[in-house]
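Breakdown of the fold
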Amino acid sequence: MTDEGLWRRYVLGYPIEVPQEEVEEELYRIRADMKHRMMYAQMSGGETHPFPELELEEQADELMEAAVFEVKELLVLRDLTRKLDVKVTPEELLARGEAIAKRQGSTIDEVKRFFGEDLALLERDVRDDKIRSWAVAQE
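Residues numbered from 1 in each chain as written. Predicted model: local features only at pLDDT ≥ 70, side-chain atom pairs only at ≥ 80, totals over all residues. Heavy atoms only, no water.

1. Things to note about the packing of aromatic side chains
Applying the stated criterion to the full structure yields 4 aromatic pairs. Here a set of aromatic residues connected by ring pairs shows up, and it is made of Trp7, Tyr10, Tyr14 and Trp134. Between Arg8 and the ring centre of Phe69, over which it is positioned, the NZ or CZ distance is 4.2 Å. (Phe/Tyr/Trp six-rings, centres within 6.5 Å; stacked < 30°, edge-to-face > 60°. Lys NZ or Arg CZ within 6 Å of the ring centre and 35° of its normal.)

So, in structure tokens, the structure goes:
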């Protein structure tokens, strides 16, 4: 199983309450995004979607599963952030910034202009990735 699959299994099995209201809000956002993408595809000469509501209804179970995962993942990450007290070093931030610069074909200075001179705006992403790696190692 891939790390993504292990992380998904970890999140879904994590003992934490998931507020139904938040799931419903996420489901609404997912459906709206998919409907928008269908309309855009049709308008730009791509695949046609004459009955977008029907298509979305046919995917109802998958969409609900996605909404539950999205909401629960955030709750699990918040909970593990409190419990594990994961630290992010300046070296890790720099490595992430350099990776972004390489991927984007830009420079570390351009990345710093976007994420801050100390790359502090990348801290949450790096911490979340470290938590995901820890959790996958537990599986």
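Additional details are given in the paragraphs that follow.
2. Brief notes about the side chain of Arg31
With respect to the secondary-structure elements, Arg31 resides in helix α2 (residues 20-43). A polar contact is formed between the side chain of Arg31 and the side chain of Glu53, at a distance of 2.7 Å. Residues in contact with Arg31, not counting those within four places in the same chain, are Glu53, Leu56, Glu57 and Leu63. (Helix = DSSP H or I, 4+ residues; strand = E, 2+ residues; numbered from the N terminus. Polar contact = N/O pair within 3.5 Å; in protein donor to acceptor, adjacent residues only side chain to side chain. Contact = heavy atoms within 4.5 Å.)

3. Focus: the pattern of salt bridges
Applying the stated criterion across every chain, the model contains 15 salt bridges. Beyond isolated ion pairs, a larger network of salt bridges with shared partners links Arg31, Lys35, Glu53 and Glu57. (Salt bridge = Lys/Arg side-chain N within 4 Å of Asp/Glu carboxyl O.)

4. Observations regarding the packing of helix α4 (residues 60-84) against helix α7 (residues 123-138)
One way to put it is that α4 packs onto α7 with a least axis distance of 10 Å and a crossing angle of 90°. Overall, the two elements α4 and α7 adopt an arrangement that is roughly perpendicular. Counting all contacts with α4, which are made through Glu73, Leu74, Leu77, Leu80, Thr81 and Leu84, the residues of α7 involved are Arg124, Arg127, Asp128, Ile131, Arg132 and Trp134. Here the residues of the contact of α4 with α7 are counted per class, giving 6 nonpolar, 1 polar and 5 charged. (Axes fitted to C-alpha atoms, helices over the stretch in contact; angles between N-to-C directions. Parallel < 35°, antiparallel > 145°, perpendicular 65-115°, else oblique. Nonpolar A, V, L, I, M, F, W, Y, C, P; charged D, E, K, R; others polar.)

5. Thoughts on the side chain of Glu73
For Glu73, the position within the fold is in helix α4. Here Trp7 takes part through its side chain, which lies 2.7 Å from a polar atom of the side chain of Glu73. Those residues in contact with Glu73 that sit more than four places away from it in its chain are Trp7, Val11 and Arg132.

6. Here's the deal with helix α1 (residues 3-13)
Regarding α1, the residues found buried are Leu6, Trp7, Tyr10 and Val11. The buried residues of α1 all sit within an arc of 135° when viewed along its axis, so they share a single face. Turned more than 90 degrees off the buried face of α1, the exposed positions are Glu4 and Gly13. Along its buried surface, α1 packs onto α4 and α7. (Buried < 20%, exposed > 50% of the residue type's maximum accessible area, 1.4 Å probe, protein only. Arc of directions from axis to C-beta.)

7. With respect to the nonpolar core
As a rule of thumb, nonpolar side chains are buried together in soluble globular proteins. One finds Leu6, Trp7, Tyr10, Val11, Tyr14, Phe69, Val76, Leu77, Leu80, Ile131, Ala135 and Val136 forming the largest nonpolar core, which totals 12 residues. Every element with two or more residues in this core is listed here: α1, α4 and α7. If we ignore the near neighbours within four places in the chain, the residues touching Leu80 are Tyr10, Tyr14, Asp85, Ile131 and Trp134. (Core = buried A, V, L, I, M, F, W, Y, C linked by side-chain atoms within 4.5 Å.)

8. Describing the packing of α1 against α7
The interhelical angle for the contact between α1 and α7, taken along N-to-C directions, is 85°, at an axis separation of 9 Å. When the axis of α1 is compared with that of α7, the two are roughly perpendicular. Along the contact surface, α1 presents Asp3, Leu6, Trp7 and Tyr10, while α7 presents Arg132, Trp134, Ala135, Val136 and Gln138. Across the contact of α1 with α7, the residue classes break down as 6 nonpolar, 1 polar and 2 charged.

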